[in-house]
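Breakdown of the fold
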Amino acid sequence: MMRKKRRSCVETVVEGANTTTTTNSTTKAKKSRTTGRPPKESVSDDTNQSVFTKFLREAGVTVKRGATSNEIAVDQVVFQKRIEQQLRKNPNYPGIIQEFITGLESHIEDPENFRNCLLPCVPQLSDGDGSSVSSFQESLLRMLLGIEILQTSTINTLLEKLPEFMLDGAGDAGISVPRIIINQLKWLDRVVDSKELAAKLMELVSVAPVDVQRDIITSLPEILEDSQHNDIARELNSLLQTNTQLTVPILDALSSLNLSSSLLTEVRGAVMTTLAAVQLEDLPVVVKFILHSVSVLDAYEVVNNLRKKLELEQCVLPPALQLSQSRTRSDGAAAAASTAGSSVALILDGIKSAVRFQKTISEAWLKAIDSVDESENHKVIDLLVLFILHSTNANQSRRGAERVLKSKVRTGLIQEALLQKTFRDHSQVMRGYFPSILAVAQCLLRSPDPCVVPFGGHMYQLSFIEFDSYCQQEVVGSLVTHVCSGVGGEVDMALELLCGLVTEKPSEMALYAVFVKGILDYMDNLTPQQIRRLFHLLSRLAFGQQQQGAHIQDDMHIVIRKQLSSMVPKYKRIGIIGAVMIVGSMGAFQPKVKEVKDQPLPQETFRQVTALLELVRSSSDSSPEAAALYYDELANLILSSTLDPQVQENIAKSVLDDFQDDFVVDLGKEITGSFPFPARLMYNLDEEESQEGIAINLLPLLAKDIQNNREQLSQTKRANKRVSPLCLSPFFRLLRLCEEKQHHGDLEEIDALLGCPLVITGLDVVEKINSLSKAEREFLCNLLFFTINWFREVINAFCRLKETEMKMKVMTRLQNITYLQTLLERALAGTSGYVPPVANFDGETSDAATFASTAPVNKAKKDGTGKKKRKAPSKSSSENSSLLEEPTEANETQQEQPEKEKEKEKEKEKEKETWQGVSLVSYRQFFRELDMEVLSVLQCGLLSRSLLDSELQTKVQEEVLLGPAELVFLLEDMLRKVEFSLTSAPVKRAPFFKTRTDKSVGFSHLQQRSAKDIAACCVELLPALCSHLENCHNHFQTLLSENNGVVDGPATDVQEQQLMSSCYQLLLQVLNTTFSWSGFSLPGQRGLLKKALGVLAERLKGRSELTLEQLVKHSFEYLLNFGSTMPSLSTALCLSQLLSTVSEKGGNPAAYREQTASLAKRFLSQDWVTASGEKERGNKFNEALHTLLRIYLDNVDDVLKAVEEIAGERIPELLNAPKNESSPTWPTLNRQTFLVFYKVMMAELEKAVRKIPASKISDNAEAQSEKLLTWNLAVRDFHVLVNLVKVFDSRPVLNVCLKYGRLFLESFLKLGMPLLDYSFKRHKEDVQSLLKTFQLSTRQLHHMCGYSKIHQDTSLTNHVPALKKSLELFVYRVKATLTLNNCQEAFWIGNLKNRNLKGEEILSQRSQGSDEEEGEEERSLLPQEKSEDEGQESDSEEPKMINGEGNVAEEDITDDSE
């Protein structure tokens, strides 16, 4: 208290000291005011004044008049003691007090005297004893206030004088008399009548002006005693409701008062209600008061209410209004914006200080933000607080802030629009948190979750746009670091951001071009697509229209020339890609500006472009792979950008001439030369023009190219330009795109190439493949690959033509491809060690080398025993996908069984008449990529096989229709495309020693389109896909009705059914992959999702306006109708997965679970046979069954009852059935699939018990009974499953049981035993029964542990230590439960013997020597039993539950070994 008093004394003295310099001017002012005011009393008070003066003088204070300060000769404590003694010893006491006060009042009537009495006294130094007086003394009035007998009267006098000066304001010297009067009342040692003082001060507040009110209110905590704090707080609270001008002083006062918790809560609630009406500049104080007045219990509630009421969005003007105001009143608008920004900064500082020093506040903010479940309810304050929490890292809040932000972004609740609004409106505030923004952006960009990566990129982009140059430099540096990391998704996003910044802010990005150029040193880790983007970015900087980054042009030229001259193919590829990108930037078309014509390309620039193109061409002449890459890159450039007409024309002219010279011959000319096979014209669709037409000169070119390769190997000099068939398809693609650009999509100049024949050989030579030499076989395979790739590029070029004749030709080319692929499969089967020619030239050349060692070329043809062979597809088949692998693996499984050998021998005899083929799945990288536009062919109808003649040529018809083989071909390609583009796998960091298998090979064109574009294309094709789906459904429905519900009737066309089944499955897979796209969850793609669901819903309900939930409902019902015609289990699985995917798009997925489970159960209860009449089986069948069973158990209402039904009813049916038969009720359950069922049931049972809510001691009896019933059912299921090991004792079953048995036991110890603790007294019998059942299971687990050790099976013994530990914990946990319920005497432990699965004793060396003695010991321990057949290891212990009378329960010691 003394310390505080001394501080106020110093403040007062300082105030007085500041006024002494202006004494004369102040005196004049005061005198002039005094002459105008009549005295308070007309009668002279000389007597009273003489008493007052006399007492003061005797006590040591000399009262001065005028401008001279009062002097004090003694210390103020001595003065106060002397005055009190004089008054008390005076004969007139207590009347003398009134005389003294009257004298005081008379003295201070003069304003100068009053001012002297308010200002500090000065020490009197004239006398010798003055040196002992302190240099700092209080004012006379304050010293009088310290005398208790004078305090009340003096206070009254001061407060009566106060109104006289209320309206005067500060004087010439800046002195406010009311403020000095109030300061006299602060920090008094004791207030005699605090209650009365509080009342008078509040009276003054009610009448005083605002300035005086603020002074009085802020001084209240320093004037009043603690006893008055609650009362004054209530009055201030009521005042706060009526006068918002006093918000700040009232809250300052309230925060300094010592209030009760209930009153503080009441005050805080009142403050919260006025939050919306508070002035912006007062808001920081309000927020600070609210946050600093919270307790642990109400922190979340207070913070949540504050978050809801704090509208920072209203603190700034809308952008349009800001722009208009800045035009009209630039100075005023800037000042207002600055005030708003500083107020928001102060609010955030208040939150930051609260978060830093109070752990509960940071936790409450995180919880409040996390609890928002609607994107519309998120505010700017949420993002700002998350950045505050990240920057302070108080109480480890950084990790929590990152977690909440990731979660919100992932679920789409915090969107990019909110982030943009935050940056736009509060960029000045956000700048202060830039390090945190950068760190969070880095974290999001590196996240393995693809949903949050774009948000991190948006943070980078906005930071660059909104912040200063330092931040821009840091952003570019960070993005360059991401690019150099080598992690795929991270690199792609960083390069995309850099490209976007170059487009939006070219002049700013030019300053940091040197940083970006540094990425050139790290190109070894980049994919071709990433290298394209990098050079696109750098060339835009260096050679763009404004050429802001011209200082790196020379470096770029040096790098390109160096790479092009390299003999290493990898670096030459980089040089070609980079050079073409530079050509695109230098030769870009510059659109006209207003009132200015199109500016032609400067002659010097045109010369540089042509020189660079010539340099690339000459560098790649000697290598067909490099030349083909050059053509492909140039084609991509023409497709994706607009070049200057001069450059475009220059390229197109040379391309057309060169293509005709190199690859086209006239039909009239005779084909001469020595070739491995006789040359023939094949696949001519323009027979009427056969004499005047043209042909593709493929066979002679291939023969010449092989000869050139041999000559080049034998010569050391470099070869000149070579015409290689490798360049045929890339060159044609370039030609086609040049024609499209020049003629605006019209291909009439080159449409002869669609139907023209090829110079190849008769394809009957494939039938003699076994008699050919290795070189001839490889030549034939090369010829087939080049022919197929030529047709693929032809389809790419002409698929968009609308004329019926052209469509028919495109369809015929599709048929040619499917037929040629069947021939290629046979040719590859007879050509071991063959590496096909490269078709995608931007990949590693080493891919072909690694392919030779990894491609499963010979798997289909192993030896003469008939194993691992398959039937070749017929001429109309195009099954070259992974679907063909299913029967292969299934056959392998069957062939391993001895009883199937005879059937296989019969199949072998049939296969002699057919050809063996290999799947083309492994060869996909050697086929040219089909464009997305080719998929538009799917919009044609489905053609039945009967409409095709024997030569696979369609009969004359008006409508263009797809054949099943062609439909399979297109759907396979579409599935690969959507899986590549729309399936977002988590980003994984590449290992240090990585063997790159680039999955993007064959998707170069697709990579240049965004996932959104691909999804939009798929949605456009949905009506066609639905039509094909319905056609497949109708086909199998007709088949079932004709064969009386049997799919393998006598009239079934096996080949057609296989194709239709493949179509069915592929259609469902495409739909599932499309609807599984994570982008549909983004707010911007909601319209696309509704459009996609609308397509499905329209097929059922017709076109109408529906909500998203209704669309999901109708789409689900539409797809559900296909469940009756599933041809195979894998197709049924695809339908189930599609239904689950669609149901998740609505707001209530649980509403569809019952229907999904019912459908899955129907599939599981169905007998699945192939078209040939055999039951489906094999690894693929088992995998599909595993997933389908999981879908059933995941969606069923009660997992425990479902498991009980399968384990307790269906498996006993299987045990009673003959050896090779299935369960009558569930045909999918047989002895071969038992492991699948067992594994899924154990896993789902363990998952289900983990979801049982943990028990609490506060649970009521009903809740305890319900949980106990659930655990009883779970333990019973577990017991049944564990006992099945006695019948199915194979190693995989034991492995599953040991693994999931431990997990179930751990869950029981964690969640089940606490329930038994609380339920033991109420449900004693139920608890006892449950433990007995569970004890039987644990004993069986002991048997398995012993069995595993005896057989020394590593895969089994790995589970034993952890399981034994859990079993031991179970023993002691049961004992703890009994002890807790005062039943410890009911616990008995005995040493039990090791036994195997059949209950037979396992004898160790020690036990073999003392067999009889141990038997006697056991009999003595268990007098009721002659032998105990349930055992553990000799040092293990087993608990025994006893009944209430203390006797051993007979049911507990049972013989359950069978």
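Residues numbered from 1 in each chain as written. Predicted model: local features only at pLDDT ≥ 70, side-chain atom pairs only at ≥ 80, totals over all residues. Heavy atoms only, no water.

When you go through the chain residue by residue, the secondary structure sums to 61 helices and 11 strands. Burial statistics for the chain: of 1458 residues in total, 53% are counted as buried. Long-range pairs, those at least 24 residues apart, make up 76% of the contacts in the chain with a sequence separation of at least 6. Accessible surface, the chain as shown: approximately 66,500 Å² in total, 49% of it carbon and sulfur. (Helix = DSSP H or I, 4+ residues; strand = E, 2+ residues; numbered from the N terminus. Buried < 20%, exposed > 50% of the residue type's maximum accessible area, 1.4 Å probe, protein only. Contact = heavy atoms within 4.5 Å. Areas by Shrake-Rupley, 256 points an atom, 1.4 Å probe, with all protein chains shown as cover.)

For Val-918, the location among the structural elements is in the loop between helix H43 (901–911) and strand S8 (941–942). Overall, the relative accessible area of 3% leaves Val-918 in the buried class. On a C-alpha basis, the gap between Val-918 and Ala-827 in space is 8.8 Å, while along the polypeptide they are 91 residues apart.

Turning to the confidence of the model for the chain, a few remarks are in order. Residues of the chain with pLDDT of at least 70 account for 79%, and the chain-wide mean is 79. Confidence, expressed as mean pLDDT per element, reaches its minimum in the chain at helix H61 (residues 1411–1421) with 33 and its maximum at helix H24 (residues 434–445) with 94. This stretch, residues 1–45, has a pLDDT under 50; its non-local contacts, to residues over four places away or in other chains, come to 46 contacts. In the predicted structure, residues 944–952 sits below a pLDDT of 50 and forms 20 contacts with residues beyond four places in sequence or in another chain. (pLDDT = per-residue confidence, 0-100.)

This part is about helix H35 (residues 645–663). Because an α-helix completes one turn every 3.6 residues, residues spaced three or four positions apart along the sequence face the same direction. Here H35 is 19 residues long and its end C-alpha atoms lie 27 Å apart, about the 27 Å a rise of 1.5 Å per residue gives. Buried within H35 we find Val-647, Gln-648, Ile-651, Ala-652, Val-655, Phe-659, Asp-662 and Phe-663. An end-on view of H35 places all buried positions within 120° of arc, on one side of the element. Opposite the buried face of H35, by more than 90 degrees, sit the exposed residues Glu-649, Lys-653 and Asp-661. Taking the backbone nitrogen of Gln-646 as reference, a side-chain oxygen 3.1 Å away marks Asp-644 as the first, capping residue of H35. (Expected span 1.5 Å × (residues − 1). Arc of directions from axis to C-beta. Polar contact = N/O pair within 3.5 Å; in protein donor to acceptor, adjacent residues only side chain to side chain.)

Right, let's get into the packing of helix H46 (residues 1011–1042) against helix H48 (residues 1086–1101). Running from amino to carboxyl end, H46 crosses H48 at an angle of 10°, the nearest separation of the two axes being 10 Å. The angle between H46 and H48 falls in the class roughly parallel. The hand of the H46/H48 crossing is right-handed. Residues Ala-1015, Ala-1016, Val-1019, Glu-1020, Leu-1022, Pro-1023, Cys-1026, Ser-1027 and Glu-1030 of H46 form the contact with H48, whose own contacting residues are Leu-1088, Lys-1091, Ala-1092, Val-1095, Leu-1096 and Arg-1099. (Axes fitted to C-alpha atoms, helices over the stretch in contact; angles between N-to-C directions. Parallel < 35°, antiparallel > 145°, perpendicular 65-115°, else oblique. Left-handed = near helix turned anticlockwise from the far one by under 90°.)

So, about unusual backbone geometry. The omega torsion across Tyr-93 and Pro-94 is 10°, close enough to zero to call that bond cis. Although it is not a glycine, Tyr-683 sits at a positive phi angle of roughly 60°. Among the secondary structure elements, Tyr-683 is positioned in the loop between strand S5 (680–682) and strand S6 (694–696). The class for Tyr-683 is buried, based on a relative accessible area of 15%. Of note in the backbone geometry, His-744 takes a positive phi value of approximately 55° without being a glycine.

Our next topic: the sheet that holds strand S3 (residues 122–123). Here we have 3 strands laid out as an open sheet, ordered S1-S2-S3, and mixed in their pairing. The open sheet has two free edges, formed respectively by strand S1 (61–62) and S3, since each of these has just one partner strand. Here 2 bridges tie strand S2 (residues 71–72) to S3, and the two strands are oriented parallel to one another. Looking at S3, one finds that Glu-71 is bridged to Val-122. (Pairing = 2+ DSSP bridges.)

Structurally, the position occupied by Gln-473 is in helix H26 (residues 469–484). Its relative accessible area of 36% is what places Gln-473 among the partly exposed residues. Through-space distance from the C-alpha of Gln-473 to that of Glu-508 is 9.7 Å; in sequence the pair is 35 residues apart.

The next thing to look at is the packing of aromatic side chains. Enumeration according to the criterion identifies 38 aromatic pairs in this entry. Aromatic pair Phe-55 and Phe-100: ring centres 6.2 Å apart, planes at 35°, arrangement tilted. Placement of the pair is Phe-55 in helix H3 (residues 46–59) and Phe-100 in helix H5 (residues 95–107), with a sequence separation of 45 residues. Each member of the pair, Phe-55 as well as Phe-100, carries the same accessibility label: buried. (Phe/Tyr/Trp six-rings, centres within 6.5 Å; stacked < 30°, edge-to-face > 60°.)

Here we take up a negative patch on the surface. A contiguous patch of negative charge, built from Asp-746, Glu-748, Glu-749 and Glu-803, is present on the exposed surface. What makes Glu-803 partly exposed here is its relative accessible area of 47%. (Patch = residues over 30% accessible without salt bridge, like charges linked within 9 Å, V, L, I, M, F, W, Y side chains within 5 Å. Salt bridge = Lys/Arg side-chain N within 4 Å of Asp/Glu carboxyl O. Lys, Arg positive; Asp, Glu negative; His and termini not counted. Charge placed at Lys NZ, Arg CZ, Asp CG, Glu CD.)

Our focus in this paragraph is the packing of helix H22 (residues 416–425) against helix H25 (residues 453–466). Where H22 contacts H25, the two axes come as close as 10 Å, and the packing angle between them is 20°. Considered as vectors, H22 and H25 are oriented roughly parallel to each other. With respect to the hand of their crossing, H22 and H25 are arranged in right-handed fashion. In this structure, H22 contributes Glu-416, Leu-419, Gln-420, Phe-423 and Arg-424 to the contact, and H25 contributes Pro-454, Phe-455, His-458, Met-459, Leu-462, Ser-463 and Glu-466.

In this section: helix H4 (residues 76–89). Compared with an ideal rise of 1.5 Å per residue, which puts 14 residues at 20 Å, H4 spans 20 Å between its outermost C-alpha atoms and is within 8% of the ideal. Burial in H4 covers these residues: Gln-76, Phe-79, Gln-80, Ile-83, Gln-86 and Leu-87. In an axial view of H4, the angular spread of the buried residues amounts to 130°, which keeps them on one side of the axis. Exposed and facing more than 90 degrees away from the buried side of H4 are Val-77, Lys-81 and Lys-89.

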